Amino acid sequence: NLLIQEDRVQEAIPYLKAAAEGVPRLRFPLFDLAWKLLADPQTILNELIPSDPEVRQAYLLFLLQTDRVGDAGKVWSMVRGNHSERALNLGYVYIDRLIAAGKGEEAATVWDGLLTETGRAWAKPAGDLMTNGEFEAGLPNKGLDWRISPVPGFQIKLDDIAAESGSHSLRVSFDGTSNPDFSHVSQSVPVEPNRDYRFRGYIKTENITSDSGLRFALILRDPPAGQDPVLPTENRLGTKIGRASCRERV
């Protein structure tokens, strides 16, 4: 602190680095101080952040929590080789921040790397943009896989009896106590603009009496001017099974 007060920042950096490595509770305040003093991501990374995996993970979390997602890529490249549960969870948080920032291409790259590192690359077959489309990889509820938001009125679970292909499908059971606006199963899929895309899925309904029925809906984050951001397939009511699809340029 004395060196900083005397405007001798470069002399203070080794002491700040040692404190970051040895005192976990000081890390976030030190990272915040470093950004105020230096405001240079590369200098901070080179001179202040030790090579210790835990410190790098803490710094990555700091960047994500302070909305510096654009500066997190280099730190993630250092963290990703550590296959600890914390490192993997940071990868999932990183993907969420990238999606929120509209950085779909970067999110897809991080996700593909995580699938490979966790031995789940098979869940996203070559040529497919969606992950785990047949629910064979469970419901991890993270990254660019299926995200489930349970609320009262229905139950969501895997079904290993009825399946269009493979051995699983997703079953949504409504208990009849309410008529929810159901949109609680989703997946983010980064795409490129000005290209044609085709979506295809299968729906089986049984005794559905809602006014709107069930359907798939593709929701565009940044649709072209004049294009409806919601692209639904046909509604399904009653008891019915079959393919639902749509094809659009986005």
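Residues numbered from 1 in each chain as written. Predicted model: local features only at pLDDT ≥ 70, side-chain atom pairs only at ≥ 80, totals over all residues. Heavy atoms only, no water.

> Please set out the overall build of the protein chain residue by residue, giving values where relevant.
When helices and strands are tallied, the protein chain shows eight helices and eight strands. A globule of 250 residues ought to have a C-alpha radius of gyration of about 18 Å, yet the protein chain, at 23 Å, is considerably larger. When its C-alpha atoms are laid out on the principal axes, the protein chain stretches across 75 × 40 × 40 Å. Here the protein chain, with 250 residues, has 33% of them falling under the buried criterion. (Helix = DSSP H or I, 4+ residues; strand = E, 2+ residues; numbered from the N terminus. Rg over C-alpha atoms; globule rule 2.2 N^0.38 Å. Buried < 20%, exposed > 50% of the residue type's maximum accessible area, 1.4 Å probe, protein only.)

> I'd like a rundown of the pattern of salt bridges, residues and numbers included.
Within the structure shown, the criterion is met by 11 salt bridges. Arg 80 is the salt-bridge partner of Glu 117, the closest N and O atoms lying 2.6 Å from each other. In this pair, Glu 117 sits in helix H8 (residues 104-117) while Arg 80 sits in the loop between helix H6 (73-79) and helix H7 (85-100), placing the two residues 37 residues apart along the sequence. Judged by its relative accessible area of 24%, Glu 117 is partly exposed. With relative accessibility at 33%, the residue Arg 80 sits in the partly exposed group. Each member of the salt-bridge network shares a partner with another, and the members are Glu 6, Arg 8 and Glu 11. (Salt bridge = Lys/Arg side-chain N within 4 Å of Asp/Glu carboxyl O.)

> I'd like a rundown of unusual backbone geometry, residues and numbers included.
One non-glycine residue, Ala 39, lies in positive phi territory at about 50°. Along the chain, the position of Ala 39 falls in the loop between helix H3 (27-37) and helix H4 (41-48).

> Would you mind going over H7 in detail, with residue names and values included?
Side chains three or four residues apart in an α-helix point the same way, a direct result of the helix having 3.6 residues per turn. Across its 16 residues, H7 extends 23 Å between first and last C-alpha, which sits within 8% of the 22 Å expected from 1.5 Å per residue. Regarding H7, the residues found buried are Ala 87, Leu 88, Leu 90, Gly 91, Tyr 92, Tyr 94, Ile 95 and Leu 98. Those residues of H7 hidden inside the fold are in contact with helix H5 (53-65), H6 and H8. Looking at the residues trailing H7, positive phi occurs at Gly 102, about 75°. (Expected span 1.5 Å × (residues − 1). Contact = heavy atoms within 4.5 Å.)

> Please set out the packing of aromatic side chains residue by residue, giving values where relevant.
This structure, assessed with the given rule, holds 12 aromatic pairs. Ring plane angle 45° and centroid distance 6.3 Å describe the contact between Phe 28 and Phe 31, whose orientation is recorded as tilted. Of this pair, Phe 28 and Phe 31 both sit in helix H3, separated by three residues, roughly a single helical turn. Judged by relative accessible area, which is 32%, Phe 28 ranks as partly exposed. Residue classification places Phe 31 among the buried residues on the basis of a relative accessible area of 0%. Ring centres of Phe 135 and Trp 146 lie 5.0 Å apart, and the angle between their planes is 25°; this geometry places the pair in the stacked category. Here the residue Phe 135 occupies a position in the loop between H8 and strand S1 (147-148), and Trp 146 occupies one in the loop between H8 and S1, the gap between them amounting to 11 residues. For Trp 146, a relative accessible area of 11% gives the class buried. Arg 68 extends its terminal NZ or CZ atom over the ring of Trp 35, reaching a point 4.4 Å from the ring centre. (Phe/Tyr/Trp six-rings, centres within 6.5 Å; stacked < 30°, edge-to-face > 60°. Lys NZ or Arg CZ within 6 Å of the ring centre and 35° of its normal.)

> So what's going on with the nonpolar core? Which residues, and what values?
Formed by 40 residues in total, the largest nonpolar core has its most connected members in Phe 31, Tyr 59, Leu 60, Tyr 94 and Leu 114. Mapped onto this core, the elements with two or more residues apiece are helix H1 (2-5), helix H2 (9-22), H3, H4, H5, H6, H7 and H8. (Core = buried A, V, L, I, M, F, W, Y, C linked by side-chain atoms within 4.5 Å.)

> Describe the environment of Val 189, and please don't skip the residues or the numbers.
Its place among the elements puts Val 189 in the loop between strand S4 (185-186) and strand S5 (196-208). Sequence-wise, Val 189 and Leu 218 are 29 residues apart; in three dimensions their C-alpha atoms are separated by 9.8 Å. When neighbours within four sequence positions are excluded, Val 189 is seen to be in contact with Leu 129 and Met 130.

> So what's going on with the packing of H3 against H5? Residues and values would help.
In contact at an axis separation of 10 Å, H3 and H5 are set at 60° when each is read in the N-to-C sense. Taken together, the axis directions place H3 and H5 in an arrangement best described as oblique. In the packing of H3 onto H5, the handedness of the crossing is right-handed. Within the contact between the two elements, H3 uses Arg 27, Phe 28, Phe 31, Asp 32 and Trp 35 and H5 uses Glu 54, Val 55, Ala 58, Tyr 59, Leu 61, Phe 62, Leu 63 and Gln 65. Across the contact of H3 with H5, the residue classes tally to nine nonpolar, one polar and three charged. (Axes fitted to C-alpha atoms, helices over the stretch in contact; angles between N-to-C directions. Parallel < 35°, antiparallel > 145°, perpendicular 65-115°, else oblique. Left-handed = near helix turned anticlockwise from the far one by under 90°. Nonpolar A, V, L, I, M, F, W, Y, C, P; charged D, E, K, R; others polar.)

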